[in-house]
Amino acid sequence: MYKELSVQQKMWLTFRRNRPALIGAVFTILIMLIAIFAPWIAPHDPLVQDPAIRLEGMTSDHRLGTDDFGRDVLSRIIHGSRVSLVIGLASVLLGMVAGTMMGMIAGYYRGKVETLIMRGVDVMMCFPDLILAIVITAVLGANLVNLVITLGLVMMPRFARLAHGQLLSLTESEYVLAARAIGFHVPRILGRHIFPNIFGELFVAATLWVGVAIRLEANLAFVGLGISPPTPTWGNMIREGVDVMINAPWISIYSGLAILITILAFNMLGDGLRDIADPKLRGV
Amino acid sequence: MLNYIIRRILQSIPILFVVLTLVFVFVRVLPGDPAVAALGDYASKEAVQALREKLGLDVSLWVQYFRFLGNLFKGDLGTSLITGYPVAKQVIRVLPYTLELTVCAILFGYILGIPLGISAAVRRNSFIDYFNRVFSLLGLSVPAFYLGILLMYLFSIKLMWFPVVGGGDLSDPLDNLRHLFLPGLTLGLIMTAYITRMTRSSLLEILQDDYVRTARSKGITDRRVLYKHALRNALIPIVALGGLYAVVLIGSSVMVEIVFSRPGLGSLMVGAIKQRDYNTLQSVMVIYAGMVVVINLMTDLIYGLVDPRIKYK
Amino acid sequence: MKKRLIAIVFIFVLALFFTSATNVLAAAKLAKKQVLTIAFDAGDSKSFDPHRSATTVDRSTVDTIFNGLVRYPPGNQVKPEPDIAKSWTISKDKKVWTFKLRKDVFFHPFPGQSDGYKLTSEDVVYSLKRASDSKHSAYAGEYKGVSFSAPDAYTVVITLENPMSGTLFLAKFASYAGGFIVSKKALEAKGDDWFKIHPVGTGPFMFKSYAPREKTVLVRNPKYFRGASVLEKLVIRYMPSVSSRELGLRTGELDIIEGQNEEKWVDKISQLPGIKVQAFGPCETQMVHLNMTKKPFDNLKVRQAVAYAISRGEVAAFMGSSLAVPIYSSAMAPPAAGALTKKEAKKAGVLFEGNIKKAKALLAEAGFPNGFKAEVIISELATSYRKPMVGIQAQLKKAGIDITLKVVDHSAFHSLIRDDASPMVLYACWRPNADVFLSRFYHSDSVVVSGKKPDTNFSHYGTVDADGDGKVDSIDDLIEKARLELDTNKQSAMWRKAQIQLLKHAAVVPIIRLKYAFPMKSYVDLGHPLVFSWSTYSPQITEKTRILAH
C-alpha cells in the first residue's frame, strides 16, 4: 500500500520534479543574494571614475571591462541588480495590494461599485503597458519611488481583473454565503475568507509579473526615462553601452544578459508554481 | 450577433471618452513647454510668449479641452505644435509601417509557433519539447529592444545583410521587405514564443480531457484524434489570446521602432513626448487606445465564431 | 646586364607614372549619382523658417536654402565676405550702412511663382523687418534700435541708433539666424505656417519634401547665383540613435553622420575602411552657471569651492584631448575675440584649477565643513550635458558636495532652467561674439524669470551682491560700453575685464570647449576646408560639395 501524501507533500514533490522551476528558484534566490550583498561582492566601487582606463576591454582587474567613465562594468552590473529587483518586486507588490483590493471590492459589492471600478480598469487596459508606463513616467519624472509608483499603476489593473474574476466564482460559494449570514464585517469576509482562497493564483501571477515589471523598467531606461546617473541600472547601462557599441560591445551585451537571466529566473519559477497550483496539470 | 456588436461598440464609447480625457490630462501635466521646445535655446522669453499665444496655449485648460474634443469629433487631429505639419498626415504616413510590422510579427508567430507548439505537446518531455520550452521561455523573457540590438549587430554589422536606416520605400515592395525583415524577425520571434507556449499548454490540457481519452480508447488513431478533436478545440484559446498578445506586441513595437530607427507610431509618440508636441502626442495615444479597443472587440467576435458554445446575450 | 636594368627601371617608372596618372584621373572623376545623405542626432526638424530654426540640424538645413547680405566663408568662418550684397559702405559716424545687392539672385520657385523671381531690396527689407519682429522671429532682440530702408531696387540702407563695431554689426546680417533673407512674395501669399515647412530662399538647394521624423529632401537650384550645385539631391535624415547612424555610414546608406564628440569613438570609426573623420571647431563651450540667489550658492566661498573642486582637465579627458580643451574664459573661448586665455586668467588670479583641498577649506570657512547636498537638473543629451555633468558630479563629491542629478529630456531641461529650477546650470553653446554671450548670460536684463527681457542669466549676475560688500555687483555698464566701442582692442579689453569680474565672483565656472566630429565616407568632397565653423555646428554643404567616384 502507498502511503497517502498530504497536499503540501504532493506539491513539494511536483515542484522538485519540475526542473525548470527549481532552476528558476535557485537563480532567483541567487540574484537576490547578489543584490543584498552587492557592496561586498563587487570588486570595485561602481561609481569611481578614472579617465585613464576608459572603455578598456577585459583585464584581470576589470573582468568585464570598463565603461566610458572608466568605471568597472562587472561592479556596475552587480549593483544594477538592486534597482531592477527593488523596482520589480516593489511595483508588483504595490500593484497587487491596490489591484486586489479594487478587484475584491468590485467583485464583492457588484452593482455600481463594480461598474465604476471595472470600467476604470478597462480604461487603463486600453493602453498597452509600455505606452502607459512611458507617459506616466514622463509626467512624474524618473526616480526610484516614481518608477515603483508608475509600474505599480501599470500592474494594478491586471491584478484587479484577476482578483475580480476569482471573486465572482467565490462570492456565491457556500462558505462565503455562510460568513455573510453570520454577519461578519466585509473586511473580515474579504480578508479572512476570500483572500486566502485567491492568494495562490495571485501569487503565481505576481511571480510572472515581476519579470514583466523588470522588463518595463529596462524599456523605460532605454528610451531615456530611467533612474538618474550615476546609479547603475541595467537599462541605463544598455542605453549608454549602445552609444559606444563600436568601442565596447560588452557593456550592452552583458547588462542585457543580466536582465535576461533575471527575468528568465522569475518566469521559470512562476511557471513551476503555476503547474503546482493548477491541479489539472499536476503530475503531468 | 449584430445586436451584440452594436452593444459592444456602444459600451466602448464611454470608455473611449474617459480615455480621451485621460489622454488630455496626461499630456497637459507633462513638465516642459512646447513653445520653448519649438524655438530652441536661443529664443528670448518674448518670442516664446508670442509663440504660446499663436499656438493657443495661453487660453484656459477648459477651452483647450473643448477645442480638443470638438476638433476630434470633426476628425481634425490638428497640426504638430513643433513643425506645423498636420498630425493626420503624419499618422497616415507612419501607420502602414507600424501595421506591417505588427501584422508581420503576428503571422510569423502563428506560422512558426503553432507547429512548434503541436510538436512539443505531442512528444511531451522529448528533446523537441525541452527545446521548445527553453526557446519560448527565452522569448517571453527577452526585452524586445535587447533582442533587436543583438540581431542588428549580427545581421547588419557582422554579416551586412540588411539595411539599417529607416523603414524603406513603401512603393518599392522589395526594398520595403528588406527593411522590414530584421524588425519583423525581432517581434516575430517574441510572438512565436508566446504562441508556441500557448499552443502547447492548451493542447496538453485538451489531450487530458475525457472525450479525447474516450476517442483514443475507441481505437481511433492518434493522428486523427489530434487533428480532428483536440486541435480544433485548442485553437479557440490560441485565437482568443492571440489578440491579447497583439496588444503586448503593439507595446513592444515601440521599442523595435526606436532600435531600428523605423518610422512608426512608437517613434512618433516618443518624439512627441520629447518635444512636448501635445497635439501629436494626444492623437497617437488616442490611436493606440482605439487600436486596443478594436483588437479586443475583434478577439471577442472571433472567439464567438470559433466556439459555438458562446452565445451573445 | 646594364641594359636590362635600365629597361626594368624604365618599365617600373612608366608603370608608376601610369598608376599615379590614373589615380589622379580617378580622384577627379565624379560618381554618377550625386546624392548626398547626411544624418543628424535629432528626432525631427522643428522649423525650416530660418528666423525660428535653432537646432543643429535645422541650422544646417536652412544654411543650404537661404543666403544673407554677407556670409562667412564655408568651413572657415572668420571674416565676412559678400553674399547677396556685393559691396557695402559705412558712414563716418558708423551709424549708416549701405549695401549694394547682386542683380542675379533668384528665389526658388513656389506655388504661384513657378519660375521663382528676382530678389530685390524689397525682399531684403521685408526679411530684416520680419527678423526684428518677435511675432515672427526668435532673434528679434538682436535688432533693437535698427531700422531698414530701400532707396532703390538694389540698395539697402541700415541705420543704427547707436554706432556699433563692424564685427558686431556684420554678425547680425550674415547668413545666420535673423540675417537669412526670406522671400517676401512667398510669405505674403502663403503665410508663416506654410513657410515653416515649405521654405523659399535663394540658396544652392531648394526644398523638395519633408517626411516628419524621417527625412527632408532638398534638390539642386539650377539658378543659384554662384552656379548650380554639383549635387543633384541632398537628403537630411533625422536619426537620434548614434549606433544607427554609425551602422548606416558603414553600410553606405549614409554619407555623412553627426558623430559622437568622444575621442575613443572617433578613433575607432576613423579606422574603418572608406571612412574619414574631421573634427572641427569652435563648436561649443560648456560652462557651469551658479545661481547666486539660492542657498548655499549665495555664498562666494561656496561658489569658489565649487570652482576649485571641478577639474577641467578630467572632464576634457572623458571626451578626449583631441576634441575637448579646458577653458578659462566666462564669455566664449579662444579663438573668439576677447575671450580670456589661461595665461590671462592666471595673471588675474581667477584660474581656480582643480584643487580638492582648497575646495574643502573654503567650504569649511563658509560653514559647510561636511559639505552639502543639492539637486541639479540636466539634459539627457550625452556629450554636451549628461556626460560632463556626471564627471563633475563625481569630482564635487570628493569635496563633500553631494549632487543629485535629475535627468530630463532636452526640451524639458530648457524650460526648467529658464524657470530657475536648478541651482547649478551646465550650459553648452556658442554665440556669434562675446557681446551676445555676455549680454545674454550676465546682463541684469537677462536674468531668468525676473529680468526685463528674461533670457539665460542663470547666475542672476547684476541683481545680487556677489562678494558680500553690501553692494550689488554688475557688469551691465561694461557690456553696454563695449558694445558702442569701435576700437576692437579696447572692446576686447572691456570684455576681458567683465570676464575677470565674473570669475572673481565665481558666478560661472568655465569647463571645456568641445569640438564636433562628423565622420563621412572618404568619397565625399565638401568643396571647402573644414577649419572653423560656428554658425551651423556641422560641415556646410555648398554648391561645390560633390561625391567622387568610388
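This is a predicted model, so every value here is computed, not measured.

Observations regarding the overall build of chain A
Right, on to step 1. Scanning chain A from terminus to terminus reveals 11 helices and 0 strands.
Right, on to step 2. Reading the secondary structure of chain A in the N-to-C direction produces α-α-α-α-α-α-α-α-α-α-α.
Right, on to step 3. Along the first, second and third principal axes, the C-alpha set of chain A runs to 75 × 60 × 30 Å.
Right, on to step 4. Within chain A, the proportion of its 284 residues that are buried is 56%.

Considerations on the pattern of salt bridges
Right, on to step 1. One pass over the structure, following the stated rule, counts 35 salt bridges over all chains.
Right, on to step 2. A salt bridge links A:Arg161 to A:Asp122; the nearest nitrogen and oxygen atoms lie 2.7 Å apart. Taken together, the positions of A:Arg161 in helix 7 (residues 144–170) and A:Asp122 in helix 5 (residues 111–125) put the pair 39 residues apart, joining distant regions of the chain.
Right, on to step 3. Residue class for A:Arg161 comes out partly exposed when judged on its relative accessible area of 36%.
Right, on to step 4. Residue A:Asp122 is classed as buried on the basis of its relative accessible area of 17%.
Right, on to step 5. Measuring nitrogen to oxygen at the nearest pair gives 2.8 Å for the salt bridge that ties C:Arg71 to C:Glu81. Note that C:Arg71 is positioned in strand 2 (residues 70–71) and C:Glu81 in strand 3 (residues 81–82), a separation of 10 residues in sequence.
Right, on to step 6. Residue C:Glu81 is classed as partly exposed on the basis of its relative accessible area of 25%.

Remarks on the sheet that holds strand 4 (residues 85–90) of chain C
Residues and elements named next belong to chain C.
Right, on to step 1. Ordered in space as 4-5-7-6, the 4 strands form an open sheet in which the pairing is antiparallel. Of all the strands in the sheet, the pair left with one neighbour each is strand 4 and strand 6 (146–152). Neighbour-to-neighbour, the strand axes of this sheet turn through a mean angle of 20°, independent of strand direction.
Right, on to step 2. Where strand 6 meets strand 7 (residues 155–160), 5 bridges bridge the pair, whose relative direction is antiparallel. Following the sheet pairing, Ser-147 is matched in strand 7 by Thr-159.
Right, on to step 3. Packing against the sheet, helix 3 (residues 121–131) makes contact with strand 5 (96–101), strand 6 and strand 7, and its axis sits at approximately 170° to strand 6.

Considerations on the domain arrangement of chain C
All names here are of chain C.
Right, on to step 1. Partitioning chain C into structural domains gives domain 1 (30–66 + 203–278 + 517–550), domain 2 (67–185) and domain 3 (282–515).
Right, on to step 2. For domain 1 versus domain 3, the separation of C-alpha centres amounts to 33 Å.
Right, on to step 3. Between domain 1 and domain 3, the contact holds 9 residues from the first and 15 residues from the second.
Right, on to step 4. For the domain 1 face of the interface with domain 3, the top three residues by lost area are Asn-261, Glu-263 and Tyr-537, together amounting to 49%.

Re the packing of helix 8 (residues 174–182) of chain A against helix 9 (residues 186–222) of chain A
All names here are of chain A.
Right, on to step 1. Helix 9 packs onto helix 8 with a crossing angle of 175° between their chain directions and a minimal axis gap of 11 Å. The angle between the axes of helix 8 and helix 9 places the two elements in the roughly antiparallel class. Touching Tyr-175, Val-176, Ala-179 and Arg-180 of helix 8 are Ile-189, His-193, Ile-194 and Asn-197, all from helix 9.
Right, on to step 2. The residue makeup of the contact of helix 8 with helix 9, split by class, is 5 nonpolar, 2 polar and 1 charged.

A closer look at the interface of chain B and chain C
Right, on to step 1. Of the residues lining the interface, 44 residues belong to chain B; the matching set on chain C comes to 49 residues.
Right, on to step 2. Here chain B packs against chain C, burying approximately 4,100 Å² in sum over the two surfaces, 56% of which is carbon and sulfur.
Right, on to step 3. At the junction of chain B and chain C, the tally comes to 1 salt bridge.
Right, on to step 4. With its nearest N and O atoms 3.0 Å apart, the salt bridge here joins B:Arg93 to C:Glu214.

Concerning a nonpolar patch on the surface
All names here are of chain A.
Right, on to step 1. Side chains of Ile-23, Val-26, Phe-27, Leu-30, Leu-257 and Ile-261 sit close together on the surface and give an oily, nonpolar patch of about 470 Å² of accessible area.
Right, on to step 2. At the level of elements, helix 2 (19–36) and helix 11 (249–277) are the ones that each hand at least two residues to the nonpolar patch.
Right, on to step 3. Take the nonpolar patch: its biggest share by element is 4 residues, from helix 2.
Right, on to step 4. As for its placement among the helices and strands, Leu-257 is situated in helix 11.
Right, on to step 5. Classification of Leu-257 as partly exposed rests on a relative accessible area of 35%.

So, the pairing of strand 5 of chain C
Residue and element names in this part refer to chain C.
Right, on to step 1. Covered by surrounding structure in strand 5 are Trp-97, Phe-99 and Leu-101 only, the residues Val-96, Thr-98 and Lys-100 on the alternate face being uncovered.
Right, on to step 2. In this sheet, strand 5 lies alongside strand 4 in antiparallel orientation, the contact comprising 5 bridges. Bridged to Ala-85 within strand 5 is Leu-101.
Right, on to step 3. Where strand 4 hands over to strand 5, the hairpin turn is made up of 5 residues, of which Lys-94 adopts a positive phi near 60°.

Topic: the nonpolar core
Right, on to step 1. Core analysis: the biggest nonpolar cluster contains 347 residues, and A:Ile134, C:Phe99, C:Ile158, C:Met424 and C:Tyr442 have the highest contact counts within it.
Right, on to step 2. Counting residues per element, this core draws most heavily on helix 9 of chain A, at 17 residues.
Right, on to step 3. Each residue touching A:Ile134, except ones within four places of it in the same chain, is listed here: A:Leu220, A:Val223, A:Leu225, B:Val254, B:Met269, B:Val270 and B:Ile273.

Thoughts on the pairing of strand 9 (residues 215–220) of chain C
All names here are of chain C.
Right, on to step 1. In this structure, strand 8 (residues 205–211) lies alongside strand 9, joined through 6 bridges in antiparallel fashion. Note on strand 9: the bridge partner recorded for Phe-205 is Arg-220.
Right, on to step 2. Bridge count between strand 9 and strand 10 (residues 233–238): 5 bridges; the pairing is antiparallel. The residue bridging Lys-215 from the neighbouring strand is Arg-237, located in strand 10.

Let's talk about the packing of aromatic side chains
Right, on to step 1. On inspection of all chains with the given rule, the structure shows 41 aromatic pairs over all chains.
Right, on to step 2. Note on C:Trp97 and C:Phe169: the rings are 3.9 Å apart at their centroids and 15° apart in plane angle, and the pair reads as stacked. Remark: C:Phe169 occurs in helix 4 (residues 166–172) and C:Trp97 occurs in strand 5; sequence separation between them is 72 residues.
Right, on to step 3. By the ring-pair criterion, three or more aromatic residues cluster together here, those being C:Trp88, C:Trp97, C:Phe99, C:Tyr143, C:Phe148, C:Phe169 and C:Phe173.
Right, on to step 4. Here the guanidinium or amino end of A:Arg158 rests over the ring plane of A:Trp209, the centre of that ring lying 5.0 Å away.
Right, on to step 5. Above the ring of C:Phe106, the side-chain terminus of C:Lys223 is found at 4.7 Å from the ring centroid.

Cut-off values and rules
- Residues numbered from 1 in each chain as written.
- Chains lettered and ligands numbered in written order.
- Predicted model: local features only at pLDDT ≥ 70, side-chain atom pairs only at ≥ 80, totals over all residues.
- Heavy atoms only, no water.
- Helix = DSSP H or I, 4+ residues; strand = E, 2+ residues; numbered from the N terminus.
- Buried < 20%, exposed > 50% of the residue type's maximum accessible area, 1.4 Å probe, protein only.
- Salt bridge = Lys/Arg side-chain N within 4 Å of Asp/Glu carboxyl O.
- Pairing = 2+ DSSP bridges.
- Axes fitted to C-alpha atoms, helices over the stretch in contact; angles between N-to-C directions.
- Contact = heavy atoms within 4.5 Å.
- Domains from an automatic or database assignment.
- Buried area = accessible area lost by both parts, 1.4 Å probe.
- Parallel < 35°, antiparallel > 145°, perpendicular 65-115°, else oblique.
- Nonpolar A, V, L, I, M, F, W, Y, C, P; charged D, E, K, R; others polar.
- Patch = residues over 30% accessible without salt bridge, like charges linked within 9 Å, V, L, I, M, F, W, Y side chains within 5 Å.
- Areas by Shrake-Rupley, 256 points an atom, 1.4 Å probe, with all protein chains shown as cover.
- Core = buried A, V, L, I, M, F, W, Y, C linked by side-chain atoms within 4.5 Å.
- Phe/Tyr/Trp six-rings, centres within 6.5 Å; stacked < 30°, edge-to-face > 60°.
- Lys NZ or Arg CZ within 6 Å of the ring centre and 35° of its normal.

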